[in-house]
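Structure assessment
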Amino acid sequence: MNTKITKLLGIEYPVIQGAMAWVAEHHLAAAVSKAGGLGIIAGGAAPVDVIREEIRQARAITDKPLGMNIMLLSPNADDLAQLAIDEKIEVLTTGAGNPGKYMESWKAAGIKVMPVVASVALAKRMERAGADVVIAEGMEGGGHIGELTTMPLVPQVVDAVEIPVVAAGGIADGRGMAAALMLGAEGVQCGTVFLASNECHISDKYKELVLGASDISTVVTGRPSGHPVRSLKTPMARKCLKLEKVGTDQSLEELEAATAGSLRKAVQDGNYEEGTFMSGQIAGMLTELRPCEDIIRGMTEQAETLLKNAYRRFE
């Protein structure tokens, strides 16, 4: 499937793996890139030396294009911005801030920049800053989310900017990809579906919860603080909602203490009681573990078939 995204990024399929903190490391990123999509290594707040090693280990697995994500509010953002240049990263995705101050040096290094946006206004701002692509992410996705759903967000962003748009949030198969393309997107970014991949190195408990999820298994916490997060309904998520409902200074302090390190406890330890198991609403569609190659090719082939059949229906 050739789109503006595949041509721009030098990839075979217009599928980008989401930069999930603690999850998107070299095994997963390399598997996605090797399969013809674009794998992303999440920078997060990890030390630069750790991310450098992750990049090099991914490079040892595949010579296909590789991406990295930088959360611009991270204390390591400046160092990670330079690391991307030093390690010759082909693509950068960004979030939580404006990448404008890095853009000139990234462009000089030949890096393609794709900020994640949750609104039309932010998409326009990123285009003015020099972004090559914007990733319009709806609130169906897992992790940190905005308020707009994917269906209304994507076409409005497509209409508002001249650069290509990638759709994200609530996409797990060819039906979601076909819908995104019909909305005007040139590709899709997927996160939760790759939690259910063989190459995703998360705890067995995390995978068990994702595969056992239904359509109503996720909940959004963090709205009172202005930083909403979608995750699976677990004891930690329920505790967060309870403390948010109380809304006192003491309860919010307790909430902050309880959630510290909770994502790592989910990803690495499989701690059901204390972990935050981030996931999108499409978890209910996932019933088995599959190789990344099967996920990407199956999604693309299904989308192509659906789009061809859709046109035939109206001939």
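Refer to the preceding data block for the structure.
These figures come from a predicted structure and were not determined experimentally.

About the thresholds
- Residues numbered from 1 in each chain as written.
- Predicted model: local features only at pLDDT ≥ 70, side-chain atom pairs only at ≥ 80, totals over all residues.
- Heavy atoms only, no water.
- Pairing = 2+ DSSP bridges.
- Helix = DSSP H or I, 4+ residues; strand = E, 2+ residues; numbered from the N terminus.
- Axes fitted to C-alpha atoms, helices over the stretch in contact; angles between N-to-C directions.
- Contact = heavy atoms within 4.5 Å.
- Parallel < 35°, antiparallel > 145°, perpendicular 65-115°, else oblique.
- Left-handed = near helix turned anticlockwise from the far one by under 90°.
- Buried < 20%, exposed > 50% of the residue type's maximum accessible area, 1.4 Å probe, protein only.
- Arc of directions from axis to C-beta.
- Nonpolar A, V, L, I, M, F, W, Y, C, P; charged D, E, K, R; others polar.
- Polar contact = N/O pair within 3.5 Å; in protein donor to acceptor, adjacent residues only side chain to side chain.

**Description of the sheet that holds strand β6 (residues 134-137)**
Spatial strand order, β1-β9-β8-β6-β5-β4-β3-β2: 8 strands in an open sheet with parallel pairing. Two strands lie at the open edges of the sheet, namely β1 (15-17) and β2 (39-42), each paired on one side alone. Between one strand axis and the next, the sheet turns through 25 degrees on average, direction left out of account. One ladder, built from 4 bridges, connects β2 with strand β3 (residues 66-71); its direction is parallel. Counterpart to Gly-39 in the pairing with β3 is Leu-66. Contacts from helix α4 (residues 77-86) reach β3 and β4 (91-95) within the one sheet, and its direction differs from that of β3 by about 165 degrees.

**Quick notes on the packing of helix α3 (residues 48-61) against α4**
Running from N to C, α3 and α4 point in directions that differ by 25 degrees, and their axes come no closer than 10 Å. Classified by the interaxial angle, the pair formed by α3 and α4 is roughly parallel. The interaxial crossing formed by α3 with α4 has right-handed handedness. Mapping the contact onto sequence places Val-48, Ile-51, Arg-52 and Ile-55 in α3 and Asp-79, Leu-80 and Leu-83 in α4.

**Side note on helix α7 (residues 150-160)**
Thr-150, Leu-153, Val-154 and Val-157 are the residues of α7 that are buried. Viewed along the axis of α7, the buried residues span an arc of 95 degrees, placing them on a single side of the element. Pointing more than 90 degrees away from the buried face of α7 are the exposed residues Met-151 and Asp-159. The inward-facing, buried residues of α7 abut β5 (112-117), α6 (120-129), β6 and β8 (165-168).

**Description of the packing of α6 against α7**
Contact pair α6 / α7: the axes reach a minimum separation of 9 Å and the direction vectors enclose 35 degrees. As for the relative orientation of α6 and α7, their crossing is right-handed in sense. Two secondary-structure elements touch here, α6 through Val-120, Ala-123, Lys-124 and Glu-127 and α7 through Leu-153, Gln-156, Val-157 and Ala-160. Its residues assigned to classes, the contact of α6 with α7 shows 5 nonpolar, 1 polar and 2 charged.

**Section: the environment of Gly-37**
In this structure, Gly-37 sits in the loop between α2 (26-34) and β2. Sequence separation between Gly-37 and Ile-11 is 26 residues; the distance between their C-alpha atoms is 5.9 Å. Beyond its immediate stretch of four places on either side in the chain, Gly-37 contacts Ile-11, Tyr-13, Val-15, Val-32 and Ile-296.

**Some words on the environment of Asp-132**
Examined against the element boundaries, Asp-132 turns out to sit in the loop between α6 and β6. Overall, Asp-132 belongs to the buried group, its relative accessible area being 17%. The spatial distance from the C-alpha of Asp-132 to the C-alpha of Lys-112 is 6.0 Å, given a sequence separation of 20 residues. Residues contacting Asp-132, with those up to four places away along its chain left out, are Leu-8, Lys-107, Ile-111, Lys-112, Val-113, Ile-163 and Pro-164. Only 2.8 Å separates the side chain of Asp-132 from the backbone nitrogen of Val-113, close enough to count as a polar contact.

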